[in-house]
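Listed below are the residues making up each chain.
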Amino acid sequence: MNDSPALEPGYFLDRLQSTDPEVHAALADELRRQQEGIELIASENLVSRASLDALASVIVNKTVEGRPGARYYGGAAHADRIEALAIERARRLFGCAFANVQPHSGSQANQAVFLALLEPGDTVLGMALDAGGHLSHGAAVNLTGKWFDPVRYGTDAAGLIDLGEVERLAHEHRPRLIICGGSAYPRAIDFAGFRRIADAVGAMLLADMAHFAGLVAGGAHPSPLPHAHVTTATTYKNLRGARGGIILTDDADLARRLDSAVFPGVQGSVILNAVAAKAVCLGEALKPAFRAYAAQVLANARCVADTLMARGIAIVAGGTDTPLLVADLRPLGLTGAAASDGLEAAGLTCNKNAVPGDTQPPRVTSGLRFGAAAGTTRGFREAEFRQIGDWIADLLHAMADAGGARDKAEEQAVRTEVRALCRAFPIYPGLGT
Ligand SMILES: *Cc1c(COP(=O)(O)O)cnc(C)c1O
């Protein structure tokens, strides 16, 4: 049947399942993995069916550079509508004057901030990786650490940021940029205190709210925006949308510099299907239901922390004010690598993570990081997260009792229960069938 005049018949009609069974099979297996396992990786979430629609739309074909209304290619009217919607929604959601929704990731959002605010070699004060900072805040292996001069603050014995140390380092090293926010720092940050220090040494303040942007959007966490000169975020963690980054500011001059730093500074054309999906998730976050979601994420993260502590497992900083928490496995004599393998076999996906003062290498670590964002999207509340905390504690104690060896029988027993819980909270019904 000549169903399409395209050079390859079927090009506009045939679905992946028939044209490329290998890729299709891997995607189908991934859907099943997500449906039947509990996602506890703090940087993950489950996007809405509507976000998937936007991601898989033909806007992916369109190439644009520049800003809405000021493009370098024609045919951009609908691309402009989409990006303008995303910008307007980001501004409304976070209550700021300017937003750039083009960064392909949180790291590229931060790179753009570095490019806009700094010269190569400038001093930057950010949080150390093992204390919970992010690679893009000046880690030695990252371009922000190679091309700039990073100074790092850590956490105190209780796992908390010591503003006195930040202040001392700021006065000693005179950074041009100070960064607050991290990937594994569970507690609320004193944004006003950071701003006072930045002002005292003439530095700019970047707040990277990647790991609590959803809570800020939903009113469950203080906003850094009134305090920071510029704020970056990822859209795919607790903000619950498509993969990507955003940059926010109230300063018009800074906004212009940030826009040119994104394009043509560090990026080329816009990934428009990602921007469309960002518009969708920002629209979802503006709805009243998202406030309930954000409050539940926080309650659930605290529930896991409390459950683990009640079972004798050490939690960094003694709990959490964000969607994430970090277990310190040193008292159990376990490594993060072995423990995360054991939990994954039981259907509980999390990641190994350095703890403050960790002496294990990054591929091993002495901690586990957990997040409540994806499970909450699925519909889990405290009862389910208490159960999850108990499963984690059962598995960790079984390993510790066996001198670090994995207990395959215990893993399989939990795996069966995890699958049953997941079936009671189905995700993406009808997808892939
Ligand atoms: C996740 C994260 C980012 C961005 O990471 P990408 O993988 O580049 O999207 C940036 N900063 C912090 C603090 C993060 O946690």
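Please refer to the structure higher up on the page.
Residues numbered from 1 in each chain as written. Predicted model: local features only at pLDDT ≥ 70, side-chain atom pairs only at ≥ 80, totals over all residues. Heavy atoms only, no water.

Asker: Explain the environment of Gly245 residue by residue, including any values.
Answerer: Note that Gly245 resides in strand S10 (residues 245-249). The spacing of Gly245 and Gly126 is 119 residues in sequence and 19 Å in space, taken between C-alpha atoms. Once you skip the residues sitting within four places of it in the chain, Gly245 turns out to touch Asn100, Val101, Pro103, His104, Ser105, Gly106, Ala233, Thr234, Thr235 and Lys278. (Helix = DSSP H or I, 4+ residues; strand = E, 2+ residues; numbered from the N terminus. Contact = heavy atoms within 4.5 Å.)

Asker: For a nonpolar patch on the surface, give the residues involved together with the corresponding values.
Answerer: Taken together, Tyr11, Phe12 and Leu13 make up a surface patch of nonpolar side chains, about 390 Å² in accessible area. Along the chain, the position of Leu13 falls in the segment before helix H1 (16-19). Owing to a relative accessible area of 45%, Leu13 belongs among the partly exposed residues under this scheme. (Patch = residues over 30% accessible without salt bridge, like charges linked within 9 Å, V, L, I, M, F, W, Y side chains within 5 Å. Areas by Shrake-Rupley, 256 points an atom, 1.4 Å probe, with all protein chains shown as cover. Salt bridge = Lys/Arg side-chain N within 4 Å of Asp/Glu carboxyl O. Buried < 20%, exposed > 50% of the residue type's maximum accessible area, 1.4 Å probe, protein only.)

Asker: Summarise the pattern of salt bridges; cite the residues concerned and give the values.
Answerer: For side chains of opposite charge, pairing can occur when their charged atoms come near one another. As enumerated under the stated definition, the model contains 21 salt bridges in all. Residue Arg311 pairs with Asp394 through a salt bridge whose shortest N-O separation is 2.8 Å. Linking Arg311 in the loop between helix H12 (288-310) and strand S11 (314-315) with Asp394 in helix H15 (residues 382-401), this pair joins segments that are 83 residues apart in sequence. Residue Asp394 is classed as partly exposed on the basis of its relative accessible area of 28%.

Asker: Can you tell me about the nonpolar core, naming the residues and giving the values?
Answerer: Counting 99 residues, the largest nonpolar core has Ile38, Phe94, Ile178, Leu348 and Phe370 as its most contacted members. Broken down by element, this core gets its largest block of residues, 10 residues, from H12. In this view, Phe94 contacts Met209, Ala213, Val216, Ala217, Leu225, Leu239, Ile246, Leu248 and Leu282; residues no more than four positions away in its chain are not counted. Ala112, Val113, Phe114 and Ile247 belong to the second-largest nonpolar core, a separate cluster that totals 18 residues. (Core = buried A, V, L, I, M, F, W, Y, C linked by side-chain atoms within 4.5 Å.)

Asker: I'd like a rundown of H15, residues and numbers included.
Answerer: The end-to-end C-alpha separation of H15 is 28 Å, in line with the 28 Å expected for 20 residues at 1.5 Å each. Once H15 ends, the next one or two residues include Gly403, with phi positive near 65°. (Expected span 1.5 Å × (residues − 1).)

Asker: Account for the side chain of Thr234, naming residues and giving values.
Answerer: When you line up the elements, Thr234 lands in strand S9 (residues 230-234). In this structure the side chain of Thr234 is engaged in a polar contact, spanning 3.5 Å, whose partner is the backbone oxygen of Ala210. With residues near it in sequence (within four places) discarded, Thr234 still touches Gly106, Ala210, Ala213, Leu239, Gly244 and Gly245. (Polar contact = N/O pair within 3.5 Å; in protein donor to acceptor, adjacent residues only side chain to side chain.)

Asker: Would you mind going over the site of the ligand in detail, with residue names and values included?
Answerer: Surrounding the ligand, one finds 13 residues, the nearest of these being Ser107, Ser183, Asp208, Tyr236 and Lys237. Contact between the ligand and Gly106: an oxygen atom at 2.9 Å from a main-chain N or O atom of the residue. Between the ligand and His211, the relevant distance is 3.3 Å, taken from an oxygen atom to a side-chain nitrogen or oxygen of the residue. Burial of the ligand by the surrounding chains reaches 87%, relative to a free accessible area of 390 Å². No other element matches helix H5 (residues 106-117), which puts three residues into the shell around the ligand. (Near = heavy atom within 4 Å.)

Asker: An account of the packing of aromatic side chains is requested, with residue identities and associated values reported.
Answerer: Under the criterion given, the structure shown has eight aromatic pairs. When the centroid spacing of 5.3 Å and the interplanar angle of 45° are considered together, the rings of Phe290 and Tyr293 count as tilted. In this pair, Phe290 and Tyr293 both sit in helix H12, three residues apart, roughly one turn of the helix. In terms of burial, Phe290 and Tyr293 fall into one category: buried. Their ring planes at 75° and their centres at 5.9 Å tell us that Phe380 and Phe385 sit as a pair that is edge-to-face. There is no split in this pair, since Phe380 and Phe385 are both buried. The lysine or arginine in question, Arg240, covers the ring of Tyr293, its NZ or CZ lying 4.4 Å from the ring centre. A cation over an aromatic ring shows up here: Arg243 above the ring of Tyr236, its NZ or CZ 4.0 Å from the ring centre. (Phe/Tyr/Trp six-rings, centres within 6.5 Å; stacked < 30°, edge-to-face > 60°. Lys NZ or Arg CZ within 6 Å of the ring centre and 35° of its normal.)

Asker: Lay out the sheet that holds strand S7 (residues 177-180) in plain terms, naming residues and giving numbers.
Answerer: Taken together, the seven strands give an open sheet; going across it, the order is S4-S10-S9-S8-S7-S5-S6, and neighbouring strands pair in mixed fashion. On the outer flanks of this sheet lie strand S4 (98-100) and strand S6 (149-153), each paired with one strand and no other. Across this sheet, the average inter-strand angle for adjacent strands is 20°, counted without regard to direction. Both S9 and S10 contribute to a ladder of four bridges, which runs antiparallel. What sits directly across from Thr234, in S10, is Gly245. On top of the sheet, helix H4 (residues 77-94) reaches S4 and S10; it is set at about 130° to S4, its chief contact. (Pairing = 2+ DSSP bridges. Axes fitted to C-alpha atoms, helices over the stretch in contact; angles between N-to-C directions.)

Asker: Any details on the packing of H15 against helix H16 (residues 408-424)? Residues and values, ideally.
Answerer: Look at H15 against H16: their axes get within 10 Å of each other, and the N-to-C directions meet at 170°. Considered as vectors, H15 and H16 are oriented roughly antiparallel to each other. For the pair H15 and H16, the crossing hand works out as left-handed. Side by side, H15 and H16 meet where Glu384, Trp391, Asp394, Leu395 and Ala398 of the first sit next to Glu410, Glu411, Val414, Glu417, Val418 and Leu421 of the second. Within the contact of H15 with H16, the residues separate by chemical class into six nonpolar, no polar and five charged. (Parallel < 35°, antiparallel > 145°, perpendicular 65-115°, else oblique. Left-handed = near helix turned anticlockwise from the far one by under 90°. Nonpolar A, V, L, I, M, F, W, Y, C, P; charged D, E, K, R; others polar.)

Asker: A description of the sheet that holds strand S12 (residues 324-328) should follow, citing residues and the corresponding values.
Answerer: One open sheet holds the four strands; their spatial order is S11-S12-S15-S14, and the pairing between them is antiparallel. Only two strands of the sheet have a single partner each, and these edge strands are S11 and strand S14 (351-353). Judged from the five bridges that link them, S12 and strand S15 (residues 367-371) form a sheet pairing that is antiparallel. Bridge pairing in S15 links Val326 to Arg369. Relative to S15, helix H13 (residues 336-345) is tilted by about 45°, and along the sheet it contacts S14 and S15.

Asker: Which residues make up the side chain of Thr249, and what are the values?
Answerer: Tracing the backbone shows Thr249 in strand S10. Within the structure, the side chain of Thr249 is placed 2.7 Å from the backbone oxygen of His229, a separation counted as a polar contact. In this structure Thr249 touches Cys96, Ala97, Phe98, His229, Val230, Leu254, Ala255 and Leu258, once residues within four positions along its chain are discounted.

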